[in-house]
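Chain and residue survey
What follows is each chain in one-letter form.
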Amino acid sequence: MVSIQQYQSPLGGILLAADEVGLVGLWFEGQKYFANTLPVGHCAQTTPILAEAKRWLDIYFAGKEPDFLPPLHPVGSSFQQSVWKILLTIPYGQIITYGDIARQLAAQQGGRGSAQAVGGAVGHNKVSIIIPCHRVVGTNGSLTGYAGGIDKKIKLLELEHADMSACLSPRRAQPCKQPQNSPRWAWNLPPAGGFLIIRLQLAGQQQDADFQQVLAAAGVQGPDLVGGLHEVGDHH
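Computed from a predicted structure; not experimentally measured.

Focus on the overall build of the protein chain
The secondary structure content of the protein chain amounts to 7 helices and 9 strands. Residue pairs at least 24 apart in sequence account for 55% of intrachain contacts in the protein chain once pairs closer than 6 positions are excluded. Total accessible area on the protein chain is roughly 11700 Å²; 52% of this is exposed by carbon and sulfur atoms.

Regarding helix α3 (residues 98-109)
Under the 1.5 Å per step criterion, the end-to-end length of α3 is 16 Å for 12 residues, consistent within 8% with the ideal 16 Å. The complete set of buried residues in α3 reads Tyr-98, Gly-99, Ile-101, Ala-102, Leu-105 and Ala-106. Buried positions in α3, seen along its axis, are confined to an arc of 160° and lie on one side of it. Exposed residues pointing more than 90 degrees away from the buried face of α3 are listed as Arg-103, Ala-107 and Gln-108. Of the residues flanking the end of α3, it is Gly-110, one or two places downstream, whose phi is positive at about 80°.

Brief notes about the environment of Ser-114
Along the chain, the position of Ser-114 falls in the loop between α3 and α4 (115-123). Ser-114 sits in the partly exposed class, given a relative accessible area of 30%. Linking Ser-114 and Tyr-98, residues 16 residues apart in sequence, is a C-alpha distance of 8.7 Å. One polar contact links the side chain of Ser-114 to the main-chain amide nitrogen of Ala-117, over a distance of 3.1 Å.

Focus on the packing of aromatic side chains
One pass over the full model with this rule turns up 4 aromatic pairs. Residues Tyr-7 and Phe-61 carry aromatic rings whose centres are separated by 6.5 Å and whose planes lie at 25° to one another, so their mutual orientation is stacked. Residue Tyr-7 is located in strand β1 (residues 3-9), and its partner Phe-61 is located in helix α1 (residues 48-61); the two are separated by 54 residues in the primary sequence. The same class applies to Tyr-7 and to Phe-61, which are both buried. Pairing Tyr-60 with Phe-61 gives two aromatic rings, centres 5.4 Å apart and planes at 85°, and the pair type is edge-to-face. No difference in accessibility class separates Tyr-60 from Phe-61, as the two residues are buried. Through a chain of ring-to-ring contacts, three or more aromatic side chains come together here, namely Tyr-7, Trp-56, Tyr-60, Phe-61 and Tyr-92. Its guanidinium or amino end placed over the ring of Phe-68, Arg-55 lies 4.1 Å from that ring's centre, counting from NZ or CZ. The ring centre of Phe-28 lies 5.3 Å from the NZ or CZ of Lys-152, which sits over that ring.

Quick look at the packing of helix α2 (residues 78-87) against α3
Relative to each other, α2 and α3 sit at 115°, their axes nearing to 11 Å. Of the two possible hands of crossing, α2 and α3 adopt the one that is right-handed. Facing α2, whose interface residues are Phe-79, Ser-82, Val-83, Ile-86 and Leu-87, α3 presents Ile-101, Gln-104, Leu-105, Gln-108 and Gln-109. Residue classes in the contact of α2 with α3 are distributed as 6 nonpolar, 4 polar and no charged.

Here's the deal with the confidence of the model for the protein chain
Per-chain confidence: the protein chain averages 75 in pLDDT, with 70% of residues scoring 70 or above. A low-confidence stretch, residues 171-236 (pLDDT under 50), is modelled with 105 contacts involving residues beyond four sequence positions or located in other chains.

Overview of the sheet that holds strand β3 (residues 23-28)
Read across the open sheet, the 4 strands follow the order β3-β2-β1-β4; overall the sheet is mixed. The strands lining the two open edges of the sheet, one partner per strand, are β3 and β4 (43-44). As defined by bridge partners, β1 adjoins β4 across 2 bridges and the pair is classed as parallel. Across the sheet, residue Ser-3 finds its bridge partner in β4, namely Cys-43. Where α1 meets the sheet, its contacts fall on β1, β2 (12-18) and β3, and the angle it forms with β1 comes to roughly 15°.

Description of α2
Among the residues of α2, Gln-80, Ser-82, Val-83, Trp-84, Ile-86 and Leu-87 are the ones counted as buried. In this structure, the buried side of α2 is in contact with α3, α4 and β6 (136-137).

With respect to the pairing of β1
Burial analysis of β1 places 5 of its 7 residues in the buried class, which makes it a mostly covered element. The sheet contact formed by β1 and β2 spans 7 bridges and is antiparallel. Looking at β2, one finds that Tyr-7 is bridged to Ile-14.

Cut-offs and rules
Residues numbered from 1 in each chain as written. Predicted model: local features only at pLDDT ≥ 70, side-chain atom pairs only at ≥ 80, totals over all residues. Heavy atoms only, no water. Helix = DSSP H or I, 4+ residues; strand = E, 2+ residues; numbered from the N terminus. Contact = heavy atoms within 4.5 Å. Areas by Shrake-Rupley, 256 points an atom, 1.4 Å probe, with all protein chains shown as cover. Expected span 1.5 Å × (residues − 1). Buried < 20%, exposed > 50% of the residue type's maximum accessible area, 1.4 Å probe, protein only. Arc of directions from axis to C-beta. Polar contact = N/O pair within 3.5 Å; in protein donor to acceptor, adjacent residues only side chain to side chain. Phe/Tyr/Trp six-rings, centres within 6.5 Å; stacked < 30°, edge-to-face > 60°. Lys NZ or Arg CZ within 6 Å of the ring centre and 35° of its normal. Axes fitted to C-alpha atoms, helices over the stretch in contact; angles between N-to-C directions. Left-handed = near helix turned anticlockwise from the far one by under 90°. Nonpolar A, V, L, I, M, F, W, Y, C, P; charged D, E, K, R; others polar. pLDDT = per-residue confidence, 0-100. Pairing = 2+ DSSP bridges.

So, in structure tokens, the structure goes:
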């Protein structure tokens with residue numbers, strides 16, 4: 001039997017769900033994939049696991065790093081599970097990239113890791129915050145692909161005092177820190193009904209670049225850039 005409880009956080013309402021083994025879901029109200037794995041036969045009641053999850057959230061939203069984890073039992077493929085395990089190893093207040101996770105998986109399992117596949121598994125994390133998918137950013141520092149919304153992702157990282165000085169978000173035109181002679185991105189929001197123009201500036205020459213040119217020039221894979229474009233596009 002899956003039990004559910006509501007939790008009111010500083011960032012909005014949260015739905016918690018747990019079975020007899022552990023927490024199976026933690027979703028911000030209205031987020032992408034909200035409660036999409038919640039079975040019809042769930043019951044609104046308090047359980048020890050849900051109480052433990054609420055205690056964890058109380059400590060976290062008080063600006064402290066919890067020193068324990070509630071029991072976790074998210075359902076997913078073996079690949080998703082392996083990605084979620086890596087997410088749990090990301091230290092409080094730090095960030096890594098999709099590519100970093102792909103390289104860790106390649107080292108563990110052999111072969112070549114795919115940042116695009118990693119992005120899909122991160123995006124389908126069912127236990128937000130506690131399994132910290134908000135600590136994953138794009139290869140170019142873009143704050144991409146958080147089901148709860150980019151604003152919440154930023155606020156969670158700010159709560160942890162994470163260093164976001166080199167991160168690119170819809171609030172910023174380009175990263176604050178940038179290696180010399182590296183590509184510079186300008187994400188321009190078009191007027192209503194227009195198209196998003198991506199401008200790539202290299203060697204002092206600015207040109208409109210199509211999607212494939214951008215990917216090739218930046219050396220990034222799908223979710224590192226695509227998620228960012230989707231988030232920017234969502235603002236118009």
